[in-house]
Amino acid sequence: MNKKIGWMNYKWKNIKDINISIRDRGVKFSDGLFETILVKNNKPIFLNEHLIRFEKSLNILNFCSEIDHAFTSEIINKGINKLNLKNKEYGSIRINYSRGLNIERSIKINELNTYFDPKNLWIEFYSIKINSNNIIVNICQTEKRNEFSLVSKFKTFNYNQSIQALIEAKQKKFEDSLLLNTQNELCCGTTFNILLQRNNEWLTPRKESGCLRGIMIQKLLDLNLVKEAKLMPIFKKDDVLIAINSLSCKQIKKVDDLEFNKDFDTNYFWDILCP
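It should be emphasised that the depicted structure is a prediction, and the values quoted were computed from it without experimental measurement.

About the criteria used
Residues numbered from 1 in each chain as written. Predicted model: local features only at pLDDT ≥ 70, side-chain atom pairs only at ≥ 80, totals over all residues. Heavy atoms only, no water. Helix = DSSP H or I, 4+ residues; strand = E, 2+ residues; numbered from the N terminus. Rg over C-alpha atoms; globule rule 2.2 N^0.38 Å. Buried < 20%, exposed > 50% of the residue type's maximum accessible area, 1.4 Å probe, protein only. Polar contact = N/O pair within 3.5 Å; in protein donor to acceptor, adjacent residues only side chain to side chain. Contact = heavy atoms within 4.5 Å. Phe/Tyr/Trp six-rings, centres within 6.5 Å; stacked < 30°, edge-to-face > 60°. Lys NZ or Arg CZ within 6 Å of the ring centre and 35° of its normal. Pairing = 2+ DSSP bridges. Axes fitted to C-alpha atoms, helices over the stretch in contact; angles between N-to-C directions. Patch = residues over 30% accessible without salt bridge, like charges linked within 9 Å, V, L, I, M, F, W, Y side chains within 5 Å. Areas by Shrake-Rupley, 256 points an atom, 1.4 Å probe, with all protein chains shown as cover. Salt bridge = Lys/Arg side-chain N within 4 Å of Asp/Glu carboxyl O.

(A) A look at the overall build of the protein. Within the protein one finds six helices and 15 strands. Taking 19 Å as the expected radius of gyration for a compact globule of 275 residues, we find that the protein reaches 19 Å, a close match to that expectation. Seen through its C-alpha atoms, the protein measures out along the principal axes to roughly 50 × 45 × 35 Å. A total of 275 residues make up the protein; the buried ones form 49% of that total.

Here it is in structure tokens:
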């Protein structure tokens, strides 16, 4: 079984053999977008929702008019078959799309493409293990999300802010970080959304906070299991705090010096979203 495979320019390759040109704007300027999708029981979870969000992101950030859903779905299904996952094994897919090769040295865009170009697409497939271990986090002091920026609201290649937040967390002996926005409102984690249970109600930071809302959070909102709220970084010991994204759901047991006293089985959300 091949644990790591990729598709690029109509060819299947081992991940280590996929090379991106140094002239690619995704490499030079982080001028690209991506989506991460869970594979369970050899099926991509919420594939249509991910592709719709991907297309919306591309449009808002002026990449192209629309993607070819059938073309992309066919590649994804072929890639899952090539992974040949066994029962109860999980996989992940990362769809990448850049703005293409840079003609000049500057960041200037000479021409906005209005079509989906497969040459700018590459897709990665991995066999993974789901990690649901509890984590401890700090509230990042060096970086804040810009709730007014378009870039904050989409999955771009630029993760420098999250990387700096993780470096700070490691230096302070934590495993991850929570990020605030410029108004010190609770926003998100470095690579995850936040769920907060308080007074028997589940809350998540409102979209106006600048959080990059994941598909899992949107599904919980659609099911009316979670409500949006303006959340400040003030916690109580009997709160339950969850870090969730498309590939994991973990309980946060400590924020800075505050330890939470409740335990929660994160399979509750996982079973609802990924039955």
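(B) Expanded view of the side chain of serine 209. Residue position: serine 209 is located in the loop between strand S11 (201–205) and helix H5 (215–222). Polar contacts involving the side chain of serine 209 include one to the main-chain carbonyl oxygen of arginine 206, which spans 2.7 Å. Within the structure, the side chain of serine 209 is placed 3.3 Å from the backbone nitrogen of cysteine 211, a separation counted as a polar contact. Setting aside chain neighbours within four positions, we find serine 209 in contact with Glu147, Asn181, Glu185, Leu186 and Cys187.

(C) Representation of the packing of aromatic side chains in the model. By the definition in use, this model includes 13 aromatic pairs. Considering the side-chain rings of phenylalanine 264 and phenylalanine 269, the 5.8 Å spacing of their centres and the 45° angle between planes classify their relative orientation as tilted. Residue class for phenylalanine 269 comes out buried when judged on its relative accessible area of 0%. Among the aromatic residues, those joined into a cluster by ring pairs are Trp202, Phe264, Tyr268 and Phe269. Above the ring of phenylalanine 34, the side-chain terminus of arginine 94 is found at 3.8 Å from the ring centroid.

(D) Quick look at unusual backbone geometry. Unusually for a residue other than glycine, asparagine 62 sits at a positive phi of about 60°. With respect to the element layout, asparagine 62 can be found in the loop between helix H2 (47–60) and helix H3 (69–83).

(E) Representation of the sheet that holds strand S1 (residues 4–8) within the structure. The strand order across the open sheet built from six strands is S2-S1-S6-S5-S3-S4, with neighbouring strands paired in antiparallel fashion. Edge positions in the open sheet fall to strand S2 (11–14) and strand S4 (43–44), since each of these has one partner strand only. In the sheet, S1 pairs with S2 via four bridges, with the strands oriented antiparallel. When the bridges of S2 are listed, methionine 8 appears paired with lysine 11. Contacting S1, S2, strand S3 (32–40), S4, strand S5 (90–98) and strand S6 (121–128), H3 crosses the sheet at an angle of about 30° to S6.

(F) Broad picture of the environment of valine 240. Relative to the helices and strands, valine 240 resides in strand S13 (residues 240–245). Through-space distance from the C-alpha of valine 240 to that of tyrosine 268 is 13 Å; in sequence the pair is 28 residues apart. Setting aside chain neighbours within four positions, we find valine 240 in contact with Leu195, Leu196, Gln197, Trp202, Gln251, Lys262 and Phe264.

(G) Representation of a nonpolar patch on the surface. The grouping of Leu223, Leu225, Tyr268 and Ile272 at the surface amounts to a nonpolar patch, some 330 Å² of accessible area in total. Along the chain, tyrosine 268 falls in helix H6 (residues 267–273). Here tyrosine 268 falls in the partly exposed class, since its relative accessible area comes to 41%.

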